[in-house]
Amino acid sequence: MSFRKVVRQSKFRHVFGQPVKTEQCYDDIRVSRVTWDSTFCAVNPSFIAIIVEASGGGAFLVLPLHKTGRIDKSYPTVCGHTGPVLDIDWCPHNDYVIASGSEDCTVMVRGGPGSWGVAGVTLLSSLSLLSPQVWQIPENGLSQLLTEPVVVLEGHSKRVGIVTWHPTARNVLLSAGCDNVVLIWNVGTAEELYRLDGLHPDLIYSVSWSRDGSRFCTACKDKSVRVIDPRRGTVVAEKERAHEGARPMRAIFLADGKIFTTGFSRMSERQLALWDTENLEEPMGLQELDSSNGALLPFYDPDTNVVYVCGKGDSSIRYFEITEEPPYIHFLNTFTSKEPQRGMGWMPKRGLDVNKCEIARFYKLHERKCEPIIMTVPRK
């Protein structure tokens with residue numbers, strides 16, 4: 001079924017994307033060239049973090065949101081990793097805490113004012129770097145190079161491609177590496193809470209927590225989507241060959257417990273699918289988009305039930321409404337710009353300007369700059 005045939009008469013049918021003026025962009029940023037299918041960008045209401053090119057290791061840039069315009073080449077970065085940074089994620093409970101995973105097998109965490117109680121937090125910079133890392137960002141942004149993480153989480157044996165914070169529990173971080181192991185950490189004490197080994201026979205492409213944080217779903221290179229209960233360490237539900245194609249897929253949990261996936265067909269056409277975790281035999285909805293080869297990055301807004309799909313190397317953002325009635329996935333519209341995107345950041349809902357009818361905001365990474373794109377629903 002072609003997605004163009006399913007156009008829903010919805011109040012979100014008229015969502016309009018509006019790029020900001022040139023002076024409100026972040027210019028002269030050398031976005032990372034690593035081939036890992038990450039968003040390369042993480043945003044919260046205070047800061048924007050972008051993974052950048054760095055000589056002699058990995059680094060990412062942390063800028064206060066208001067610091068737009070040309071970014072000086074000497075602007076300080078977070079550069080404690082010895083290999084390219086693959087993924088970054090801001091803590092949802094504290095705007096000054098960010099975690100990063102890298103090719104050097106490490107996860108680092110940085111925290112800010114009042115991040116944790118003093119008890120239980122130790123500086124682990126002397127450890128061998130085989131783990132995620134947590135970083136502390138000063139309240140007014142960086143004034144010098146930041147090389148010391150607050151916490152190094154030691155446990156992975158290969159590069160760490162995914163870091164994601166728990167949506168409801170403070171100081172709980174999940175990391176997944178190319179060793180096919182998922183680790184869940186207590187960042188406050190730097191201890192390993194759960195080690196989920198042997199559940200994935202191949203590389204993990206994506207991890208997404210359910211809204212209450214009781215489960216998470218993964219997309220794996222063996223073409224399976226799994227729903228996992230981390231406390232039991234078991235696979236609750238599994239769909240083999242969710243998408244037939246060999247290229248990377250992604251899976252995200254929706255608010256009602258369903259799973260939305262992006263992937264490729266056997267003929268290398270890009271696909272979207274919606275799955276009911278109670279019955280994974282057949283998808284509730286399946287749509288083919290096009291035959292481009294860029295991985296599709298889905299972003300979900302639980303308040304409007306709209307999924308935004310951004311393809312790496314595309315110059316468009318498509319959006320779909322998920323509903324209870326067939327065909328379940330309703331194409332709404334497409335925002336198109338001239339230049340292809342290298343990555344994409346997504347502002348949490350609390351950082352939007354609702355007075356301007358803003359329902360989403362993206363941060364599109366070009367080769368040398370970052371361009372905010374504001375999604376609004378015009379109202380009289």
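Procedures and definitions
Residues numbered from 1 in each chain as written. Predicted model: local features only at pLDDT ≥ 70, side-chain atom pairs only at ≥ 80, totals over all residues. Heavy atoms only, no water. Helix = DSSP H or I, 4+ residues; strand = E, 2+ residues; numbered from the N terminus. Rg over C-alpha atoms; globule rule 2.2 N^0.38 Å. Buried < 20%, exposed > 50% of the residue type's maximum accessible area, 1.4 Å probe, protein only. Contact = heavy atoms within 4.5 Å. UniProt positions renumbered as here; feature names shortened; annotations may be inferred. Pairing = 2+ DSSP bridges. Axes fitted to C-alpha atoms, helices over the stretch in contact; angles between N-to-C directions. Disulfide = S-S within 2.5 Å. Core = buried A, V, L, I, M, F, W, Y, C linked by side-chain atoms within 4.5 Å. Phe/Tyr/Trp six-rings, centres within 6.5 Å; stacked < 30°, edge-to-face > 60°. Salt bridge = Lys/Arg side-chain N within 4 Å of Asp/Glu carboxyl O. Polar contact = N/O pair within 3.5 Å; in protein donor to acceptor, adjacent residues only side chain to side chain.

Time to look at the overall build of the chain. Scanning the chain from terminus to terminus reveals zero helices and 31 strands. In terms of overall size, the chain behaves like a compact globule, its C-alpha atoms giving a radius of gyration of 20 Å where 380 residues would be expected to give roughly 21 Å. For the chain, the C-alpha atoms occupy an extent of roughly 55 × 50 × 35 Å along the three principal directions. Within the chain, the proportion of its 380 residues that are buried is 59%. Considering only residue pairs separated by 6 or more positions, the chain has 53% of its internal contacts joining residues 24 or more positions apart.

Now for the UniProt feature "repeat: WD" (unreviewed entry) in the chain. In this structure's numbering, the residues bearing the UniProt feature "repeat: WD" (unreviewed entry) are residues 153-195. The span residues 153-195 carries 0% helix and 51% strand; its end-to-end C-alpha distance comes to 13 Å.

Strand order in the open sheet made by the four strands is β25-β26-β27-β28, with antiparallel pairing throughout. On the outer flanks of this sheet lie β25 (296-301) and β28 (329-336), each paired with one strand and no other. Ignoring strand direction, the axes of neighbouring strands in this sheet form an average angle of 25°. Note: β25 against strand β26 (residues 306-311), six bridges, orientation antiparallel. Bridge pairing in β26 links Leu 296 to Gly 311.

For the rest of this paragraph, the subject is the sheet that holds strand β16 (residues 191-196). The strand order across the open sheet formed by four strands is β13-β14-β15-β16, and the pairing between neighbours is antiparallel. Every interior strand has two partners, whereas the edge strands, β13 (160-165) and β16, have only one. Averaged over all adjacent pairs, the angle separating strand axes in this sheet is 20°, with direction ignored. Strand direction decides the pairing type here: β13 and strand β14 (residues 172-177), joined by five bridges, are antiparallel. In the strand pairing of β14, Trp 165 is matched with Leu 173.

Turning our eyes to something else, we now look at the state of the cysteines. Under the definition given, this model contains zero disulfides. No disulfide involves Cys 91; its sulfur sits 17 Å from that of Cys 41, the nearest cysteine. For Cys 91, a relative accessible area of 3% corresponds to the buried category. Considering cysteine sulfurs only, Cys 105 is the nearest to Cys 178, which forms no disulfide, with 8.8 Å between them. Classification of Cys 178 as buried rests on a relative accessible area of 16%.

Attention now goes to the nonpolar core. Grouped together as the largest cluster of nonpolar side chains are 56 residues, with contacts concentrated most on Ile 29, Ile 48, Ile 50, Phe 60, Val 62, Ile 137 and Tyr 363. Once residues within four sequence positions are removed from consideration, Ile 50 is found in contact with Ile 29, Val 31, Phe 40, Cys 41, Phe 60, Leu 61, Ile 88, Leu 365 and Cys 370.

So, about the packing of aromatic side chains. Tallying each qualifying case throughout the model produces 12 aromatic pairs. Residues Phe 47 and Trp 90 carry aromatic rings whose centres are separated by 5.6 Å and whose planes lie at 15° to one another, so their mutual orientation is stacked. Of this pair, Phe 47 sits in strand β4 (residues 47-52) while Trp 90 sits in strand β8 (residues 85-90), and the two are 43 residues apart along the sequence. We note that Phe 47, like Trp 90, is buried.

If you walk through the whole model with that rule in mind, you get 20 salt bridges. A salt bridge links Asp 95 to Arg 350, with the nearest nitrogen and oxygen atoms 2.8 Å apart. With a gap of 255 residues between them, Asp 95 in the loop between β8 and β9 (97-102) and Arg 350 in the loop between β29 (343-346) and β30 (358-365) connect regions that are remote in the sequence. Linking Asp 290 and Arg 318 is a salt bridge whose minimum nitrogen-to-oxygen distance equals 2.8 Å. On the criterion of sequence distance, the pair formed by Asp 290 in the loop between β24 (285-288) and β25 and Arg 318 in strand β27 (residues 316-322) is long-range, its members being 28 residues apart. Of the residues examined, Arg 318 reaches a relative accessible area of 10% and is grouped as buried. Ionic contacts of the salt-bridge type, sharing partners, join the residues Asp 28, Arg 70, Lys 73 and Arg 368 into one network.

What follows concerns the environment of Asp 179. Residue placement: Asp 179 occurs in the loop between β14 and β15 (182-186). Separated by 125 residues in the primary sequence, Asp 179 and Thr 304 have C-alpha atoms spaced 37 Å apart. Those residues in contact with Asp 179 that sit more than four places away from it in its chain are His 156, Ser 157 and Lys 158. For Asp 179, the side chain forms a polar contact with the main-chain nitrogen of Ser 157, separated by 3.0 Å.

As a further point, take the pairing of strand β17 (residues 204-209). Among the six residues that make up β17, six are buried, leaving the element largely enclosed by the rest of the structure. Across five bridges, β17 lies against strand β18 (residues 216-220) in antiparallel orientation. Looking at the pairing, Trp 209 lines up with Phe 216 of β18. Turn length for the β17-β18 hairpin, with the two strands adjacent in sequence and antiparallel, is six residues, and the turn residue Gly 213 shows positive phi of about 75°.

Turning to the pairing of strand β22 (residues 259-264), a few remarks are in order. Regular strands have side chains that alternate between both faces of the sheet. When you tally the buried positions in β22, you get six out of six residues, the bulk of the element. Side chains Ile 259, Thr 261 and Gly 263 project from β22 onto one buried face, and the interleaved Phe 260, Thr 262 and Phe 264 project onto a second face that is buried too. Across four bridges, the pairing between strand β21 (residues 250-253) and β22 is antiparallel. The residue bridging Phe 253 from the neighbouring strand is Ile 259, located in β22. Between the end of β21 and the start of β22, which pair antiparallel, lie five residues, with Gly 257 showing a positive phi angle near 95°. As judged from the six bridges shared by β22 and strand β23 (residues 270-275), these two strands associate in the antiparallel manner. Looking across to β23, one finds that Phe 260 is bridged to Leu 274. Counting the residues in the hairpin turn of β22 and β23 gives five residues, including Ser 268, whose phi is positive at 65°.

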